[in-house]
Amino acid sequence: MADPSRDLQQRLERALLGGPRRYTRLEVAKRAGVPEERSRRLWRALGFATVEDDEVVFTDADVEAMRIADGLVSSGLVAPGMEVAVTRALGQHLSRLAEWQVHMLWSLITENPELARSDRQVTRLVERLLPELEQVQNYVWRRHLAAFAGRAFASPDEDLETRALVVGFVDMVGYTRFTREADEEELTQVLDGFESLATEVIAEHHGRVVKMIGDEVLFVTDTPADGAEIALTLAERTGEDGGLPAVRAGMASGRVLSRFGDVYGSVVNLAARLTSAARPGTVLVDRELAGELEPLPQFDLRTRRPIAVRGYNRLRPSALRRAKDKPTGRFASSQQLAAEMLGLGDQPTPEPPEPDNFPTPAAPRKRRRRR
């Protein structure tokens, strides 16, 4: 007796893979003209499970893909030593996309049972949706390609792998405790809400999401002002009034290594350390970024006392805020004159109490003399 689920799986595979499985890995390598060991490395780099040499699991599409990949290396577009790294990055990003799309399709079918009355109907649904998904993915990819190409060719002398960027981390406060107390539905709503807000704000201010890590987003921008706007806006739109847990942020500026969509280097580490030291609803920046933001009138920076975090013994951050509106013109001059007559001119605004991350050293006790 045939297994209905196995029959459906085979139907979906033929629809998604572009045909039936008919080749072993060795046959694919031979037909594509690619060395056997090289084909094995590329298959693993894509994130697929290792298969035995005699397993018939590949299709005509696999042969064509292997041939194209070999052609890209031969043309010089992909350096020979980089092909596995490029393949690995491609597999990791598309694996997440595929998982999300299957989950979306499954939700559609479970919420509309009439769509799954038969295996043939499910297959037809997938065959109808697949070209549309491919078209949308192609559109988004080309749009991002155009954006990055515009930046690259606008500054042809700049090294795209190592260049100056503003790196920022924003994470939700109390997330670990929340996961212990919230049910699955509440957790999903919070994560979806945070991811939606973060991607919207970052895109609006010309930033780029490097990655979402549950309760945390890592982003980069080309300008200090855009980075500051992103961090402050996310802090303002979360918390009690925002419907999401409060967030804290840390940002740093400097040379960053960009590799396959991710970023690396001491600037990234510094931004992460500042995030861990920030209070709920606040944004901490390093000295480099503070110097770049100082001339901008829309921001206010308050230097904090040195702190010790992992990898940095005396890190001196600055708290970033929006500048308060100041009076201008003749009225401003009269206010300043009155303040000076009262001895209040240029008085610093008192800082709020420091959190546990910024401990105030205890004053030494005075010893009483014995009589």
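Our structure's up above, just so we're on the same page.
Small disclaimer: the values here were computed from a predicted structure and weren't measured.

How each quantity is defined
Residues numbered from 1 in each chain as written. Predicted model: local features only at pLDDT ≥ 70, side-chain atom pairs only at ≥ 80, totals over all residues. Heavy atoms only, no water. Helix = DSSP H or I, 4+ residues; strand = E, 2+ residues; numbered from the N terminus. Expected span 1.5 Å × (residues − 1). Buried < 20%, exposed > 50% of the residue type's maximum accessible area, 1.4 Å probe, protein only. Arc of directions from axis to C-beta. Contact = heavy atoms within 4.5 Å. Patch = residues over 30% accessible without salt bridge, like charges linked within 9 Å, V, L, I, M, F, W, Y side chains within 5 Å. Areas by Shrake-Rupley, 256 points an atom, 1.4 Å probe, with all protein chains shown as cover. Salt bridge = Lys/Arg side-chain N within 4 Å of Asp/Glu carboxyl O. Lys, Arg positive; Asp, Glu negative; His and termini not counted. Charge placed at Lys NZ, Arg CZ, Asp CG, Glu CD. Pairing = 2+ DSSP bridges. Axes fitted to C-alpha atoms, helices over the stretch in contact; angles between N-to-C directions. Parallel < 35°, antiparallel > 145°, perpendicular 65-115°, else oblique. Nonpolar A, V, L, I, M, F, W, Y, C, P; charged D, E, K, R; others polar. Phe/Tyr/Trp six-rings, centres within 6.5 Å; stacked < 30°, edge-to-face > 60°. Core = buried A, V, L, I, M, F, W, Y, C linked by side-chain atoms within 4.5 Å.

Brief notes about helix H8 (residues 184–204)
A rise of 1.5 Å per residue sets the reference length of H8, with its 21 residues, at 30 Å; its end C-alpha atoms lie 30 Å apart and thus fit the reference within 8%. All of the buried residues along H8 are Val-190, Phe-194, Leu-197, Ala-198, Val-201 and Ile-202. End-on view of H8: buried residues confined to an arc of 120°, all on one side of the axis. Pointing more than 90 degrees away from the buried face of H8 are the exposed residues Glu-184, Glu-185, Gln-189 and Ala-203. Where H8 is buried, its residues contact strand S1 (162–172), helix H7 (175–181), strand S2 (208–213), strand S3 (216–221), helix H9 (224–236) and strand S4 (247–259). His-206 occupies a position one or two residues after H8 and carries a positive phi of about 65°.

Considerations on a negative patch on the surface
A grouping of Asp-183, Glu-184, Glu-185 and Glu-186 is seen on the molecular surface, where their side chains present a negatively charged patch. Secondary-structure assignment places Asp-183 in the loop between H7 and H8.

A closer look at the pattern of salt bridges
Enumeration over the complete set of coordinates arrives at 15 salt bridges. Linking Asp-60 and Arg-22 is a salt bridge whose minimum nitrogen-to-oxygen distance equals 3.6 Å. With a gap of 38 residues between them, Asp-60 in helix H4 (residues 60–75) and Arg-22 in the loop between helix H1 (4–17) and helix H2 (25–32) connect regions that are remote in the sequence. What makes Asp-60 partly exposed here is its relative accessible area of 39%.

What to know about the pairing of strand S10 (residues 318–322)
Here strand S6 (residues 283–285) pairs with S10 via three bridges, running antiparallel. In the strand pairing of S10, Leu-284 is matched with Ala-319. Taken together, the five bridges between strand S7 (residues 299–303) and S10 define a ladder with antiparallel strand orientation. Within S10, the position partnered with Arg-302 by the bridge is Ala-319.

Topic: unusual backbone geometry
The residue His-206 is not glycine, and still its phi comes out positive at about 65°. Residue placement: His-206 occurs in the loop between H8 and S2.

Re the environment of Leu-125
Here Leu-125 lies in helix H6 (residues 119–154). Excluding residues that lie within four positions of it along the chain, Leu-125 makes contacts with Leu-105, Ile-109 and Leu-115.

A look at a nonpolar patch on the surface
A grouping of Ile-68, Leu-72 and Leu-77 is seen on the molecular surface, where their side chains present a nonpolar patch of about 300 Å² in accessible area. The topology assignment puts Ile-68 in helix H4.

Some remarks on helix H5 (residues 83–111)
Helix length check: H5, at 29 residues, gives a terminal C-alpha distance of 42 Å against a target of 42 Å (1.5 Å per residue), a fit within 8%. Those residues of H5 not exposed but buried are Glu-83, Ala-85, Thr-87, Ala-89, Gly-91, Gln-101 and Ile-109.

A closer look at the packing of helix H3 (residues 36–45) against H4
Contact geometry of H3 with H4 gives a least axis separation of 12 Å together with a crossing angle of 100°. Relative to H4, the element H3 lies roughly perpendicular. For the pair H3 and H4, contact is made by Arg-38, Ser-39, Leu-42 and Trp-43 and by Asp-62, Met-66, Asp-70 and Val-73, respectively. Here the contact of H3 with H4 is built from residues that sort into four nonpolar, one polar and three charged.

A closer look at the side chain of Asp-70
Relative to the assigned elements, Asp-70 resides in helix H4. Its relative accessible area of 18% is what places Asp-70 among the buried residues. Beyond its immediate stretch of four places on either side in the chain, Asp-70 contacts Gly-33, Val-34 and Arg-38.

Observations concerning the packing of aromatic side chains
Within this structure, the stated rule accounts for two aromatic pairs. On the numbers, 4.6 Å between centres and 40° between planes, the contact of Trp-43 with Phe-48 is tilted. Judged by its relative accessible area of 17%, Trp-43 falls in the buried class. Phe-48 sits in the partly exposed class, given a relative accessible area of 43%. Both rings, one in Trp-43 and one in Phe-58, keep their centres 4.6 Å apart while their planes meet at 75°; by these two values the pair is edge-to-face.

Observations concerning the nonpolar core
Ranked by internal contacts, the top residues of the largest apolar core, which has 31 residues, are Val-170, Phe-194, Met-251, Val-283, Val-285 and Leu-320. Of all the secondary-structure elements, those providing two or more residues to this core are S1, H8, S3, H9, S4, S6, helix H11 (287–293) and S7. Counting residues in hydrophobic clusters, the runner-up holds 21 residues, among them Val-210, Val-267, Ala-271 and Leu-274.

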